[in-house]
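A look at the structure
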Amino acid sequence: METVSTNKAHGGVQGVYRHGSKETGTDMTFSVFVPPHEAGAKLPVVWYLSGLTCTHANVTEKGEYRRICAELGLIFVAPDTSPRGEGVPDDAAGAYDFGLGAGFYVDATEQPFARNYRMWSYVTEELPTLVAAEFPADMDRQSIMGHSMGGHGALTIGLTFPQRYKAVSAFSPIVAPTQVPWGEKALPGYLGDDKSAWRKHDAVALIEDGARVDALLVDQGTADNFLEGQLKPELLDKACQDAGIALTLNMREGYDHSYYFISSFMEDQLRWHKARLG
């Protein structure tokens with residue numbers, strides 16, 4: 001693991017790191033904030049998955065999480081959203097919603113993406129192993145959150161591993177990618193035409209198929225221009241009601257899809273996580 005940069009912040013250390021990934025076959029960059037702590041202490045870990053077009057840098061620079069993570073004693077980890085580098089396949093037309101920056105947190109099975117686009121295994125297996133080895137992380141106390149495409153990733157991963165992640169939340173998530181244009185483009189592109197393979201990467205479908213967590217938290221801006229066409233939080237609301245999952249769906253009046261919105265409610269979500277992480 002190579003240290004790209006470190007900066008002191010709120011008594012802790014904000015670092016950016018790079019390593020060679022076996023899963024993606026590329027170098028991967030991620031950021032970690034470690035709050036101030038006593039020597040030998042092990043701290044709970046919050047994973048943050050970013051959205052379309054983003055890297056680790058968006059939330060690191062705009063998320064405004066460090067003060068509250070320092071207060072609560074939370075390690076905050078932000079991976080990239082896709083593999084990158086020379087030879088990594090991209091969308092032929094260079095579209096923003098498929099290819100580089102748009103890995104959708106799946107392990108691709110379709111060529112030419114299958115070799116590099118293994119973000120599911122990278123986020124759930126490889127990077128946690130590295131974080132556990134290199135940082136004072138208590139891997140028995142993990143939680144996960146994300147924004148937009150990353151909200152989709154956080155929900156699907158949290159629903160798939162309910163014993164691992166003690167809290168699951170999202171900002172403006174794509175809750176049902178099998179039913180909206182972003183997912184209808186990305187899922188067949190990465191996973192092929194068998195729609196049964198798509199369901200484990202769709203939060204609503206996972207709940208319909210029996211996945212359960214005790215509670216979910218979602219913050220959604222009412223002025224989000226993707227709300228009706230791509231996000232459809234009402235579908236998650238209905239699925240959770242049918243399944244008996246306690247969903248807190250906060251419709252935030254006048255907020256959009258940007259980091260101005262995310263940073264406004266980051267503290268609320270992190271306090272919700274801390275209460276469940278212990």
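Residues numbered from 1 in each chain as written. Predicted model: local features only at pLDDT ≥ 70, side-chain atom pairs only at ≥ 80, totals over all residues. Heavy atoms only, no water.

**Focus: unusual backbone geometry**
- Residue Pro 112 is reached from Gln 111 by a cis peptide bond, and omega for that bond is 5°.
- You can see Pro 112 is positioned in the loop between β5 (75–78) and α3 (119–134).
- Within the chain, Lys 232 stands out as a residue other than glycine whose phi angle is a positive 50°.
- Mapping Lys 232 onto the fold places it in the loop between α7 (227–231) and α8 (233–243). (Helix = DSSP H or I, 4+ residues; strand = E, 2+ residues; numbered from the N terminus.)

**Section: the sheet that holds strand β2 (residues 12–20)**
- If you trace the nine strands from one edge of the open sheet to the other, you get β1-β2-β3-β5-β4-β6-β7-β8-β9, paired in mixed fashion. A single partner strand is all that each edge strand has here, and the edge strands are β1 (2–9) and β9 (246–252). The mean angle between the axes of side-by-side strands here comes to 20°, regardless of whether they run parallel or antiparallel.
- As judged from the eight bridges shared by β2 and strand β3 (residues 27–34), these two strands associate in the antiparallel manner. From the neighbouring strand, Val 16 faces β3, where its bridge partner is Ser 31.
- Across the sheet, helix α4 (residues 149–160) is in contact with β4 (43–49), β6 (137–146), β7 (165–171) and β8 (215–221); its angle to β7 comes to roughly 155°. (Pairing = 2+ DSSP bridges. Axes fitted to C-alpha atoms, helices over the stretch in contact; angles between N-to-C directions. Contact = heavy atoms within 4.5 Å.)

**With respect to the pairing of β4**
- Burial of β4 is extensive: seven of the seven residues sit out of reach of the surface.
- Strand direction decides the pairing type here: β4 and β6, joined by six bridges, are parallel. If you follow Trp 47 over to β6, its bridge partner there is Ile 144.
- Note that β4 and β5 share three bridges and pair parallel. Its bridge partner lying in β5, Val 45 is registered against Ile 75. (Buried < 20%, exposed > 50% of the residue type's maximum accessible area, 1.4 Å probe, protein only.)

**Some words on the pairing of β5**
- What you see with β5 is no split at all: Ile 75 and Val 77 on one side and Phe 76 and Ala 78 on the other are buried throughout.
- Both β3 and β5 contribute to a ladder of three bridges, which runs antiparallel. The partner of Val 32 across the bridge, within β5, is Val 77.

**Observations regarding the environment of Ser 258**
- By secondary structure assignment, the location of Ser 258 is in the loop between β9 and α9 (259–277).
- Along the primary structure Ser 258 and Gly 221 are separated by 37 residues, whereas in three dimensions their C-alpha atoms are 9.4 Å apart.
- A polar side-chain atom of Ser 258 sits 3.2 Å from the main-chain amide nitrogen of Tyr 260. (Polar contact = N/O pair within 3.5 Å; in protein donor to acceptor, adjacent residues only side chain to side chain.)

**Examining the nonpolar core**
- Of all hydrophobic cores here, the largest spans 64 residues; its most connected members are Phe 30, Val 77, Phe 104, Tyr 190, Leu 216 and Leu 236.
- Broken down by element, this core gets its largest block of residues, seven residues, from α3.
- If near-sequence neighbours (up to four positions away) are discounted, Tyr 190 is found in contact with Phe 98, Gly 99, Ala 102, Gly 103, Phe 104, Val 106, Ala 108, Thr 109, Glu 110, Phe 113 and Tyr 117.
- Ala 9, Ala 70, Met 145 and Leu 270 belong to the second-largest nonpolar core, a separate cluster that totals 22 residues. (Core = buried A, V, L, I, M, F, W, Y, C linked by side-chain atoms within 4.5 Å.)

**As for helix α5 (residues 181–191)**
- Those residues of α5 not exposed but buried are Trp 182, Gly 183, Ala 186, Leu 187, Pro 188, Tyr 190 and Leu 191.
- Summarising the contacts, the buried residues of α5 are in contact with α7.
- Directly after α5, the chain includes Gly 192, whose backbone phi takes a positive value near 90°.

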